[in-house]
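Here's the letter readout for the chains.
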Amino acid sequence: MLDQGLKINEIFYSIQGESLLVGKPTVFVRLATCNLRCTYCDTRYAFWHGTVMALDAILSQIRNHKTRYVCLTGGEPLGQQGIYPLMDRLLKEGYTVSLETNGSFSIEKVPAAVIKVVDLKCPDSGEADTMVWDNCALVQPHDQFKFVIASKEDFEWSQNACERYGLIEKCAVLYSPVAGKVKPADLARWILDAQAPVTMQVQMHKEIWGPHQRGV
Ligand code: SF4
């Protein structure tokens, strides 16, 4: 297949701050551009800025690091067709690959071995209408659904979505608070009071390096 390259915003090596791979030294490949505009987005700089890189150049930067974990993030990775050959090459080279996707693209063609972390955008994001709900039937046990919660209403909406689509039985479900909108202690209390079998997360990289640091 012709290498069309990928528009990359940044490639960096850091500690995974989210998902069930939290804490792992990881190479992050941040794809440029995103089709959504979430109210709380903390990576707006990825909307416009990026450099087109050939697959070999991306792989060469990844190989500069010893870790075997690679996270494909954005922006929105599934917005560029070149992501598929990149996933194939990484799997072939034996990497553990995770893909963070915003839930507005089908995950149908993503290789089964890739760990998919699929956002399900709550109403306060302003993007709940864009979700591809068919993705709920396409996940495997190693995948994860992520709800980023900005209010008690978002929490209730997430609980309803879990029940309606049977998400808890399919794979791990992550609840994370929007910084400055929901206190972690409040989200923890709602989860416990509801006896929700989800995994609560705060963005660990922001605890380590501060909320505005890029490339971490
Ligand atoms: S999907 Fe992600 S990158 Fe895109 S606007 Fe929403 S939070 Fe930002």
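Computed from a predicted model, the values in this text were never measured in an experiment.

### Details of helix H2 (residues 83–92)
Inspection of H2 places Ile-83, Tyr-84, Pro-85, Leu-86, Met-87 and Leu-90 among the buried residues, and these make up the whole buried set. Taken together, the buried residues of H2 touch strand S1 (6–15), strand S2 (25–31), helix H1 (55–63), strand S4 (69–73) and strand S5 (96–101). After H2 finishes, the residue Gly-94 shows a positive phi value of roughly 85 degrees.

### A short note on the packing of aromatic side chains
In the structure shown here, the tally under the stated rule is eight aromatic pairs. Centre to centre, the rings of Phe-147 and Tyr-175 are 5.5 Å apart; their planes meet at 80 degrees, and the pair counts as edge-to-face. Within this pair, whereas Phe-147 is found in strand S7 (residues 144–149), its partner Tyr-175 is found in strand S8 (residues 172–177), the two being separated by 28 residues in sequence. Residue Tyr-175 is classed as buried on the basis of its relative accessible area, which comes to 0%. Where Phe-155 meets Tyr-175, the ring centres are 5.8 Å apart and the plane angle is 85 degrees; that geometry is what we call edge-to-face. Note that Phe-155 is positioned in helix H3 (residues 152–164) and Tyr-175 in strand S8, a separation of 20 residues in sequence. Among the aromatic residues, those joined into a ring-pair cluster are Trp-133, Phe-147, Phe-155, Trp-157, Tyr-165, Tyr-175 and Trp-190. Against the face of Phe-47 rests Arg-37, its NZ or CZ located 3.8 Å from the ring centre. It is Arg-68 that lies over the ring of Tyr-95; its NZ or CZ is 4.0 Å from the centre.

### Things to note about the pattern of salt bridges
The final tally for this structure, using the stated rule, is 10 salt bridges. Between Asp-42 and Lys-206 there is a salt bridge, and its shortest N-O distance comes to 2.4 Å. Taken together, the positions of Asp-42 in the loop between S2 and strand S3 (51–53) and Lys-206 in helix H6 (residues 204–209) put the pair 164 residues apart, joining distant regions of the chain. A relative accessible area of 40% means that Asp-42 is categorised as partly exposed.

### Quick word on the state of the cysteines
Summed over the entire model, instances satisfying the criterion amount to zero disulfides. Of all cysteine sulfurs in the structure, the one in Cys-162 sits closest to Cys-122, which takes part in no disulfide; the separation is 9.5 Å. A disulfide-free cysteine, Cys-162 has its sulfur positioned 9.1 Å from the sulfur of Cys-136, the nearest such atom.

### Observations concerning the sheet that holds S1
Pairing within the open sheet is mixed, and its nine strands lie in the order S3-S1-S2-S4-S5-S6-S7-S8-S9. Two strands close off the open sheet at either side, each with one partner strand: S3 and strand S9 (199–200). Note: S7 against S8, six bridges, orientation parallel. Bridged to Phe-145 within S8 is Val-173. H3 rests against S7 and S8 of the sheet, and its axis sits at about 160 degrees to S7. Packed on one face of the sheet, helix H5 (residues 184–194) meets S7, S8 and S9 and runs near 145 degrees to S8.

Conventions adopted
The written sequence of each chain sets the order in which its residues are numbered from 1. For this predicted model, a pLDDT threshold of at least 70 governs which residues receive local features, and a threshold of 80 or more governs which side-chain atom pairs are given and counted, while totals over whole chains, interfaces and linings are taken from all residues. Note that water and hydrogens are dropped before the side-chain values are worked out from all heavy atoms of the structure. Only protein chains enter the accessibility calculation, which uses a 1.4 Å probe; a residue is then buried when its area is under 20% of its type maximum, exposed when over 50%, and partly exposed in between. Numbering goes from the N terminus for both helices and strands, where a helix is a DSSP run of H or I of at least four residues and a strand is a run of E of at least two. In what follows, residue pairs with any heavy atoms lying within 4.5 Å of each other are defined as contacts. Pairing of aromatic side chains here covers Phe, Tyr and the six-membered ring of Trp, requires ring centres within 6.5 Å, and sorts the geometry by plane angle: under 30 degrees stacked, over 60 edge-to-face, intermediate tilted. A ring has a charge above it when a Lys NZ or an Arg CZ is no more than 6 Å from the ring centre and no more than 35 degrees off the ring normal. Think of a salt bridge as a Lys or Arg side-chain nitrogen and an Asp or Glu carboxyl oxygen that are within 4 Å of each other. Any two cysteine sulfur atoms lying within 2.5 Å of each other are counted as a disulfide. Any two strands with at least two DSSP bridges between them are considered paired. As a rule, the C-alpha atoms of each element are fitted with a line to give its axis, helices using only the stretch in contact, and angles between N-to-C directions run from 0 to 180 degrees.

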